[in-house]
Amino acid sequence: MNRSGKTADTMEGSGLTISASSIKVNEATLDEDTLVFSITSQKLSNGMGVCVCRTYEDFEWLQQSLFAPDEPDLHGVIFPPLPAKLIMSPQSQINNKTLKQLGFLALGDCCRTYCEALELYLQQVALHPILSKNKALETLLTNTESPGKQRAKKGIFNRLSQVMEEKRKESHKDVDDFFQNERDNNSNMTALTKVTTERFLDVVLAEQRLSVASKHLSSSIQLWVNQEDSANAAFSKICLKTSKVFETIKRNFEKTAENNISTLGLGLDLQSRYQEAEKEMLFRRTCKLVELEAANKNTERAKANKKGIMEEVRNVLEKQFDGMSSMARQEVGRFHQSRVALLRTALVSWCEQQLNTATEIAALYSEHLEACQKLPEE
Amino acid sequence: MAAERDPPPPGDAGQARFGEAEDGEDLFVVLCSPASLPAEDISANSNGPKLVDSFLDDDPDDLFAEATEEVSLDSPEREPILSDGPSPAITPIMAPRIDSTLFDQALEEEEDNGDTFDICISVSDPEKVGDGMNAYMAYKVTTKTSLSVFSQNELSVRRRFSDFLGLHSKLASKYMHSGYIVPPAPEKSIVGMTKVKVGKEDSSSTEFVEKRRSALERYLMRTVKHPVMLKDPNVLQFLESSELPRAVSTQALSGAGILRMVNKAADAVNKMTIKMNESDAWFEEKQQQFENLDAQFRKLHASVESLVCHRKELSLNTASFAKSAAMLGNSEDHTALSRALSQLAEMEEKMEQLHMDQAYADFYLFAELLGDYVRLLTAVKGVFDQRMKTWSKWQDAQLMLQRKREAEAKLQYANKPDKLQQAKDEIKEWEGKVQQGERDFEQISKTIRKELGRFEKERVKDFKSVIIKYLESLVQTQQQLIKYWEAFLPEAKAIA
C-alpha cells in the first residue's frame, strides 16, 4: 500500500487493468446536495487515461461488493477502511458534527483532505493481492454508468462489535498466542492512536484560530492607518509595518496548520481507521472461534443419532476457521509492514514541509526586522 | 488555565478600589530641599482643603504655615478644582502657581544637551515582606547613570508599590495643572495582591508579580525621560533615599481617597458647565486626534490580549499532544518507529515551551505597551482639561472685574468716599488677576504644545522599539524551530 509504489503496480493475474499508483481522486464538486468526485486513472496496457465521476454511494457499493459471504477465507482479510460520508452544509462550512465524525478529513480546502483519503482507499484496494481481483473495482474506475445505482448488498460492515451481546465475544480467550497477542496489542494501540489523533486535531484547530486572530489584528491596524489623517507620519509607518508583521504571523499559522493536516494528520487518521479495520477482522475470527467451540461442545454432547450431523457442522466450521486464520496471519503481517511504511511517509513529509515553511517564515521575519530597524523616528 | 487579566484601564488608579492594606497614619510629607536645587517656588499643594479663596503667594514660608495636620488631600489623577466662582458645595483646592520660567529652563536644557540622556532604571528582585494581609512586595530599584544631578553613578534602593503611587501622586499634583503630562502609575489590583499576600505560589501570582515589576520599571523610565520630572526632588529622593516616608493617602478608603472620589464628581459637574471658546484650532484638532487614538489603542489592546490567550491554548494543546505521542511511542512494537515517536514527543514538548515564551513576548511587549498608552492618553486628556480650567478661571476673573467696575460706577453717584476707594482698590486687584489669568492661560497652552511634541516623539520611539524587540523574538523562535525540525528529520527517515 506504499504510496511511492515500490513494488509492481499490479499483482500477477490481478485482473485489474488499471495501474494502482495512477488512481487519483482529483476534486469534489457539489451538485445540489451531493458531492461528486472526479476520479482519473491509467490503463496498464497503453497508458490511456480514464476519467469517471462518482458519488459516495458508489464507494459504498464497492466496499460492500468486496466482501463475499460465501467465501469464508475472505473473512480473514483486513478490508481497507472507507472514510465515513462527508456531509457538506450549504455554505461549504464545516460544522461541529462533521468535525467530530471525520476529524482531519473534514479540514483542508475544498475537501482536499477527504479526496486524498478516498484516493488512498482506492489505491489500497487496487494493491491488495486478493481484493484487486474483484471486478467491482474495475467497474468503479472505468464504467461510464455509475454502479451505485445497483442495490448494494448488505455486507458485514454493520459494526458487529457495537452490538452489546457481541461485545462479550471480544474478550473471548484465543487458542492461538499469536492472535491473542495481536488482539491485545491492537486494542491498546487503537485507543492510543485515536487519542493522539484527537489531540493533534486540537493543536491544528488552535493554530487555525491563531491564524484568524492574527489576520484580524493585521487588518484592523491597516484599516486604522488608512483612516487616520496621518498627523504623525512616522507613527503611521510603524503601524503599517506592524500590520505586515502580523500578516506574516498569520501566514505562518496557516501554512503550519495546512502542513499538519495534509501529512501527519491524514497519516494518523488513516492509521487509526486501519487499526479499527484490523480490529474488525480479528473480531470476525474470534466470533468464528466462539462458533467453532460451541459446535465442538455440541458434538461432544450429541446423542449418537445426531452426532454425525454435529460432526459435519463442526468440520465445516473448523475448515472455515482454519482458512480464515491462515489468511488472517498473512494479512496481519502485511498490515504491520504497510502501517509502518505509511507512518514513515507521513512523518518524513510532515517534517520536510514544516521545515520548508519554517525557513520561509524565518526569512520573512528577518526581512521585516531589517525594514523596521530602518524606520525613521521623526 | 486562564491568564490573570486586569480589566482594561479606563483611567488611572483613582477608582474606588482597595489598595494594599496599610496601617499607620504617616503623614503625606512633601519634600522640598532648597539646599540641593536652585530656589524654586515649587509648592506642594497637598495640604488640607481650604475654605479660603485666595491664591497662594510665592512665599514658600506661607505655604508651610498653612499646612494642616489632617491627612492630606491629594488629587493625583484628578485635577484640582480651580474655579474661584460659584462652585457647588465642594471646598475648592488651591492652585499653586509654579514659576514657569524655571521649567522652561529645564526643557531648553534638554534640547541643548540632545542625546546626553543617560540613565537606566531597573526594577528587580521582588521579595515578599511580612505575613498575611499586612504583607507587601518590595522591589529593588537600581539606577545607573552618569548624570550629575545624582549623587552616585549607581544607586540601589528598595521600594514598595505604594511608594510608586505616592511618587506619582506628588508629581501629578505638582505638575499636571501646568499642563505637563505626568506618566501614570501602574494600576492597583486587589485580586492580584491578595493572592500574593495569602502566599498562593501558583503561576498566576508569579505572573502577576512579574507583570507588576515590568510595569513599575516602565513607569520609572517614562518618568525620568521627562526633563522636568527628572530634576524633581521627589523623583531624586525616590531613587536615592534608603528610607522613604510611607504614602498612606494612596489608599482608596482613606480620607484622601474619599476626597478623591468627591473631587471626581465635582470635576464631572464642572466639565459640563465649562464651555470653552476655542480660539486655537490646533488644540481642537489635537483633542479629536487623541480621542481617536484612544479608541484605537483600546481596540488593539483587546485584540492582542485575545491573541495571547490563543497562543497559550496552542501551548497547552501541544503539551497534550506530546504526552499522547510519548505513550504511543512506548507501546509501539516496531523499534525504529517507536524511537521516532518518542523523539516526536520530545520535540513537541520543546515547541510547547516556545509557544509559551512567544505568548509572553506578545503580552509583555504589545499588550502592556498598548495598556500603558491608554493610560497615558488619559493623562493627556487631563492636561487639556487643565487648560480649559485655566481659561475658565481667566474668564471668571474678567467677569469679576466687570462687576467691580459696575459697582464702582454706581458708587460714583452715591456719597460714600471710603466705599468708593475700596471699590477702586478692588478693581486694581482684579485687573491684576485678569492679567495673571491671561498669562497662565498662555503659559499652559505653550507648555502643552511642547509636551505634545515630546509625546509624539516618544510615541514613535516606544512603538518602534517594541516592534523591533518583538521581531527579534520572532526571529529567534523561528531559528529554534528550524533546529528542532532539522534534528527530527533523520529520525523520521531512519524508520525502515
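Cut-offs applied
Residues numbered from 1 in each chain as written. Chains lettered and ligands numbered in written order. Predicted model: local features only at pLDDT ≥ 70, side-chain atom pairs only at ≥ 80, totals over all residues. Heavy atoms only, no water. UniProt positions renumbered as here; feature names shortened; annotations may be inferred. Salt bridge = Lys/Arg side-chain N within 4 Å of Asp/Glu carboxyl O. Helix = DSSP H or I, 4+ residues; strand = E, 2+ residues; numbered from the N terminus. Buried < 20%, exposed > 50% of the residue type's maximum accessible area, 1.4 Å probe, protein only. Contact = heavy atoms within 4.5 Å. Buried area = accessible area lost by both parts, 1.4 Å probe. Polar contact = N/O pair within 3.5 Å; in protein donor to acceptor, adjacent residues only side chain to side chain. Pairing = 2+ DSSP bridges. Axes fitted to C-alpha atoms, helices over the stretch in contact; angles between N-to-C directions. 1 Å grid on protein atoms, 1.4 Å probe; cavity = no way out; pocket = protein on both sides within 12 Å on 5 of 7 lines; lining within 4 Å. Points joined across faces, edges and corners; volume = space filled by probe spheres on them. Nonpolar A, V, L, I, M, F, W, Y, C, P; charged D, E, K, R; others polar.

By the naming in an unreviewed UniProt entry, chain B is Sorting nexin-2, taken from Denticeps clupeoides. In its Sequence similarities (unreviewed entry) section, the UniProt entry covering chain B states "Belongs to the sorting nexin family."

An unreviewed UniProt entry annotates chain A as PX domain-containing protein of Denticeps clupeoides. Per UniProt, chain A has the following entry under Sequence similarities (unreviewed entry): "Belongs to the sorting nexin family."

A. How the structure looks around the pattern of salt bridges. Residues and elements named next belong to chain A. Throughout the structure, instances matching the rule amount to 36 salt bridges over all chains. The residue Glu-116 makes a salt bridge to Arg-112 at a minimum N-O spacing of 2.5 Å. Placement of both Glu-116 and Arg-112 in helix H3 (residues 112–127) is noted, with a separation of four residues, approximately one turn of the helix. Looking at Arg-112, the relative accessible area reads 46%, which means it is partly exposed.

B. Inspection of the interface of chain A and chain B at higher detail. Listed as interface residues are 60 residues of chain A and, on the opposing side, 55 residues of chain B. For the pair chain A and chain B, the summed buried area comes to about 5400 Å², and 75% of that belongs to carbon and sulfur atoms. Summed over the three residues of chain A that lose the most area to chain B, namely Trp-224, Phe-235 and Glu-377 of chain A, the buried surface amounts to 10% of that side. Across the contact surface, chain A and chain B share three salt bridges. In this structure, the salt-bridge partner of Glu-332 of chain B is Arg-339 of chain A, at a minimum N-O distance of 2.8 Å. Taken together, the connections running from chain A to chain B amount to 12 residue pairs in polar contact (both at pLDDT 80 or more). Every element with two or more residues in the side of chain A that touches chain B is listed here: helix H6 (177–227), helix H7 (233–301) and helix H8 (304–373) of chain A.

C. Local environment of the pairing of strand E3 (residues 49–54) of chain A. Residue and element names in this part refer to chain A. Here E3 shows a buried face lined by Val-50, Val-52 and Arg-54 and an unburied face lined by Gly-49, Cys-51 and Cys-53. Here strand E2 (residues 34–42) pairs with E3 via six bridges, running antiparallel. Bridging across to E3, Ser-38 finds its partner in Cys-53. Here E2 hands over to E3 after six residues, with Gly-47 in that stretch at a positive phi of 70 degrees.

D. Here's a closer look at the sheet that holds strand E1 (residues 24–31) of chain A. All names here are of chain A. As summarised here, the arrangement of the three strands in space is E1-E2-E3, forming an open sheet in which the pairing is antiparallel. Two strands in the sheet have a free side with no partner beyond their single neighbour: E1 and E3. Pairs of neighbouring strands in the sheet enclose a mean axial angle of 20 degrees, with direction left out of account. Relative to E2, E1 runs antiparallel, the two sharing seven bridges. Pairing of Glu-27 across the sheet is with Ser-38, part of E2. Across the face of the sheet, H3 comes into contact with E1 and E2 while running at roughly 130 degrees to E1.

E. Geometry of unusual backbone geometry. Phi angles above zero are rare outside glycine, and Glu-32 of chain A is one such case at about 55 degrees. One can find Glu-32 of chain A in the loop between E1 and E2. Even without glycine at this site, Asp-125 of chain B takes up a positive phi of about 50 degrees. With respect to the helices, strands and loops of the structure, Asp-125 of chain B is situated in strand E1 (residues 119–129).

F. Representation of empty space enclosed by the protein within the structure. Roughly 360 Å³ of volume is contained in the largest cavity. Around the largest cavity sit 25 residues that line it, and Asn-252, Phe-253 and Thr-256 of chain A together with His-355 and Leu-481 of chain B are the ones nearest its centre. Counting only elements with at least two residues in the lining of the largest cavity, the list comes to H6, H7 and H8 of chain A together with helix H9 (281–331), helix H10 (335–413) and helix H11 (417–493) of chain B. Split by residue class, the lining of the largest cavity holds 12 nonpolar, 10 polar and three charged.

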